[in-house]
Amino acid sequence: MRPKIAAGNWKMNGTAASLAELHSLATGLPENPPQVVICPPSTLLFRATDATHGSPIQIGAQDCHTEGAGAYTGDISATMVADSGATHVILGHSERRDAYGETDADVAAKAQAAWDAGLTAIICIGESEADRSAGTTLDVIAQQLAGSLPDGCTGENTVVAYEPIWAIGTGKIPTLEQIVEVHDFIRATLAERFGTDVSDALRLLYGGSVKPDNAAEIFKVDNVDGALIGGASLTPADFVPILQALSAT
Ligand code: 13P
């Protein structure tokens, strides 16, 4: 049995006042919570690890550079993320692939840097609406998996998040059949490349418009081991019911 995991991606939301949300989340966790990772903006990483100290909540960053240090204005390295006490880093989110032109090779190099710093990489993949209409979803997923995951992937150092771009922040979600198809395909593709021991251990998250009212049915899908949640991770009022749904599966 793979341990369930819920990761909250705060994106570019949150100031010091938002640390109060972390306190109430820490005190409001359901019994037997799944693994919970909150990824605030980088300005809050140190304070977020302080605020959740002693609770089961782990903290992650939303990106990191491939290099450990150097002349890269505005970037943060995986070493810096780990220095903050964070344990995870989201990589290859479609918003970064789209806005900053991040390629699969960039994502793989960042994942290697994250592993070298002792972080778990949450690697995002997912098709666009155009890919889905063209019937090329599984080709796109195969290509992203092949290019974004370095050799040496394990169930400890990597989590894969399937986020159809058209479902992010739109309130649209794929049908359960579509989620089953992609998650089964991801598991099989990982098995072919890394062997079944590794693929059986890797957690696969679904992301894109996960809300309290749709979480339970998504979590019933066999190869869904949790979720990567944007908007609904910002307040415990939305996030805790999702955690409850996950721990009930
Ligand atoms: P929403 O849950 O707001 O659709 O965002 C999903 C996402 O992009 C998480 O990384």
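Above this text is the structure in question.
Residues numbered from 1 in each chain as written. Predicted model: local features only at pLDDT ≥ 70, side-chain atom pairs only at ≥ 80, totals over all residues. Heavy atoms only, no water.

Novice: For the overall build of the chain, give the residues involved together with the corresponding values.
Specialist: When you go through the chain residue by residue, the secondary structure sums to 11 helices and 8 strands. Here the C-alpha radius of gyration of the chain, 17 Å, is about what a compact globule of 249 residues would show, namely 18 Å. In the chain, which comprises 249 residues, the share counted as buried stands at 52%. Within the chain, contacts between residues at least 6 apart in sequence are counted, and of these 72% link residues at least 24 apart. Accessible surface, the chain as shown: approximately 10600 Å² in total, 52% of it carbon and sulfur. Positive and negative side-chain charges in the chain, numbering 14 and 31 respectively, have mean positions lying 3 Å apart. (Helix = DSSP H or I, 4+ residues; strand = E, 2+ residues; numbered from the N terminus. Rg over C-alpha atoms; globule rule 2.2 N^0.38 Å. Buried < 20%, exposed > 50% of the residue type's maximum accessible area, 1.4 Å probe, protein only. Contact = heavy atoms within 4.5 Å. Areas by Shrake-Rupley, 256 points an atom, 1.4 Å probe, with all protein chains shown as cover. Lys, Arg positive; Asp, Glu negative; His and termini not counted. Charge placed at Lys NZ, Arg CZ, Asp CG, Glu CD.)

Novice: So, the pairing of strand E8 (residues 226-229): which residues are in play, and what are the values?
Specialist: Residues Gly-226 and Leu-228 line one face of E8 and the alternating positions Ala-227 and Ile-229 line the opposite face, and both faces are buried. With 4 bridges joining them, strand E1 (residues 5-9) and E8 adopt parallel strand pairing. The residue of E8 that forms the bridge with Ala-7 is Leu-228. Pairing of strand E7 (residues 203-207) with E8 involves 3 bridges; the strand directions are parallel. Residue pairing for E8: Tyr-206 is matched across the bridge by Ala-227. (Pairing = 2+ DSSP bridges.)

Novice: Tell me what's going on with helix H1 (residues 19-28), and back it up with residues and numbers.
Specialist: Looking only at H1, the buried set comprises Leu-19, Leu-22 and Leu-25. Buried residues of H1, viewed axially, fall in a sector of 110°; they line one side. For H1, the secondary structure elements touched by its buried residues are strand E2 (35-39), helix H2 (45-51) and helix H11 (236-247). (Arc of directions from axis to C-beta.)

Novice: So what about the pattern of salt bridges? Which residues, and what values?
Specialist: The final tally for this structure, using the stated rule, is 11 salt bridges. Residues Arg-2 and Asp-225 are paired through a salt bridge, measuring 2.9 Å at the closest nitrogen-oxygen approach. One end of the pair, Arg-2, is in the segment before E1; the other, Asp-225, is in the loop between helix H10 (215-219) and E8, with 223 residues separating them in the sequence. No difference in accessibility class separates Arg-2 from Asp-225, as the two residues are buried. Taking the shortest distance from any N to any O, the salt bridge between Asp-151 and Arg-193 comes out at 2.8 Å. Of this pair, Asp-151 sits in the loop between helix H7 (137-148) and strand E6 (158-162) while Arg-193 sits in helix H8 (residues 176-194), and the two are 42 residues apart along the sequence. Overall, Asp-151 belongs to the exposed group, its relative accessible area being 61%. The exposure class of Arg-193 is partly exposed, given its relative accessible area of 35%. Taken together, the shared-partner salt bridges connect Asp-63, Arg-96, Glu-102 and Lys-110 into one network. (Salt bridge = Lys/Arg side-chain N within 4 Å of Asp/Glu carboxyl O.)

Novice: So what's going on with the packing of aromatic side chains? Residues and values would help.
Specialist: Aromatic rings in a pair are described by how distant their centres are and how their planes are angled relative to each other. Under the defined criterion, the tally for this structure stands at 1 aromatic pair. For Arg-96, the ring lying beneath its charged end belongs to Tyr-100, and the centroid distance is 4.2 Å. (Phe/Tyr/Trp six-rings, centres within 6.5 Å; stacked < 30°, edge-to-face > 60°. Lys NZ or Arg CZ within 6 Å of the ring centre and 35° of its normal.)

Such coordinate-based values are descriptive only and should not be taken to indicate function.
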